[in-house]
Each structure stands twice: as structure tokens, then as C-alpha cells.
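Close look at the chain arrangement
Here are the chains, one letter per residue:
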Amino acid sequence: MSKLKLINNIRVEIKRLNNEIDLKIIKGLPYKAEARRHKFLVSQFYGFYENTKKNWFQKTMQVFASFVL
């Protein structure tokens, strides 16, 4: 699966979970498991997003800094 498809799938899953959590809040039901899944997906989404945003120079400097420090 390409990164683009994976990002889109994560985005769709986050939207679905948001709707499910909203309905549970309205009904007064617990939503702990859904919130945990949502938090995981958001961290995955922003992890992919941050990695695609960095250019080659930033990635090189990050690797260089890890060796120096």
C-alpha cells in the first residue's frame, strides 16, 4: 500500500471514529476505546504528514545531529 493510500485510509477512519464518538457523547455512553483508537490514528497520520513535509536537507541534518549528539 502506498503512503498516499495509507494516509487517505487513516483520514477516512479518523472521520468515521469522530462520528462514532460524537454519537456516543450525545447518547451518554462511554467512548474510551474509540478515543484510544482515534489518538493512535492521529499520531500515525501526523507522523506520515511530518515525514513527507521534510525536504532532503532537513532529513540529512537530523541524521547528522543524531550522530553528533
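Model, not experiment: these values are computed from the prediction. Every chain is numbered independently, its residues counted from 1 as its sequence is written. Per-residue local features are limited, in this predicted model, to residues with pLDDT of at least 70; the limit for side-chain atom pairs, both in listing and counting, is 80 or more; totals at the level of whole chains, interfaces and linings are taken over all residues. Each side-chain value is worked out from all heavy atoms of the structure, with water and hydrogens disregarded.

**Quick notes on the pattern of salt bridges**
Stated precisely, the cut-off is as follows: Any Lys or Arg side-chain nitrogen located within 4 Å of an Asp or Glu carboxyl oxygen qualifies as a salt bridge. By the criteria applied, helices consist of DSSP H or I runs no shorter than four residues and strands consist of E runs no shorter than two, each listed in order from the N terminus. Partly exposed residues are those whose accessible area sits between 20% and 50% of the maximum for their type, while under 20% is buried and over 50% is exposed, using a 1.4 Å probe and protein chains only.
The full count for this structure, using the stated rule, is three salt bridges. Across the pair Arg 16 and Glu 13 runs a salt bridge whose closest N-O atoms are separated by 2.7 Å. Pair noted here: Arg 16 and Glu 13 are both in helix H1 (residues 3-27), with a separation of three residues, about one helical turn. Residue Lys 24 is joined to Glu 34 by a salt bridge in which the shortest nitrogen-to-oxygen separation is 2.8 Å. Highlighted residues: Lys 24 in helix H1 and Glu 34 in helix H2 (residues 32-53), separated in sequence by 10 residues. Here Glu 34 falls in the buried class, since its relative accessible area comes to 13%.

**Remarks on the side chain of Glu 34**
Here is the rule: Each polar contact in these results corresponds to two N or O atoms within 3.5 Å; when the atoms are within protein, one needs to be able to donate a hydrogen and the other to accept it, and residues that are neighboring in sequence are counted only if both atoms are side-chain atoms. A contact between two residues is defined here by any heavy atoms of the two lying within 4.5 Å.
At 2.8 Å, the side chain of Glu 34 forms a polar contact with the side chain of Lys 24. Not counting residues within four places of it along the chain, the set of residues in contact with Glu 34 comprises Leu 17, Glu 20, Ile 21 and Lys 24.

**A word on the packing of aromatic side chains**
Applicable threshold: Between rings of Phe, Tyr and Trp, where Trp is taken as its six-membered ring, a pair exists when centres lie within 6.5 Å; planes separated by under 30 degrees are stacked, by over 60 edge-to-face, and by other angles tilted.
Inspection of every chain in the model, using the stated rule, returns one aromatic pair. When the ring of Phe 45 is compared with that of Tyr 46, the centres are 5.2 Å apart and the planes differ by 75°; the resulting orientation is edge-to-face.

**Points about the confidence of the model for the protein**
Low-confidence regions, as indicated by low pLDDT, have predicted coordinates that should not be scrutinised in detail. Rules: Across the chain, each position has a pLDDT score giving the predictor's confidence in that residue, from 0 to 100.
On average, residues of the protein carry a pLDDT of 82, and 83% of them reach 70 or more. Predicted confidence in the protein is weakest over helix H3 (residues 56-68), with a mean pLDDT of 70, and strongest over H1, with 91.

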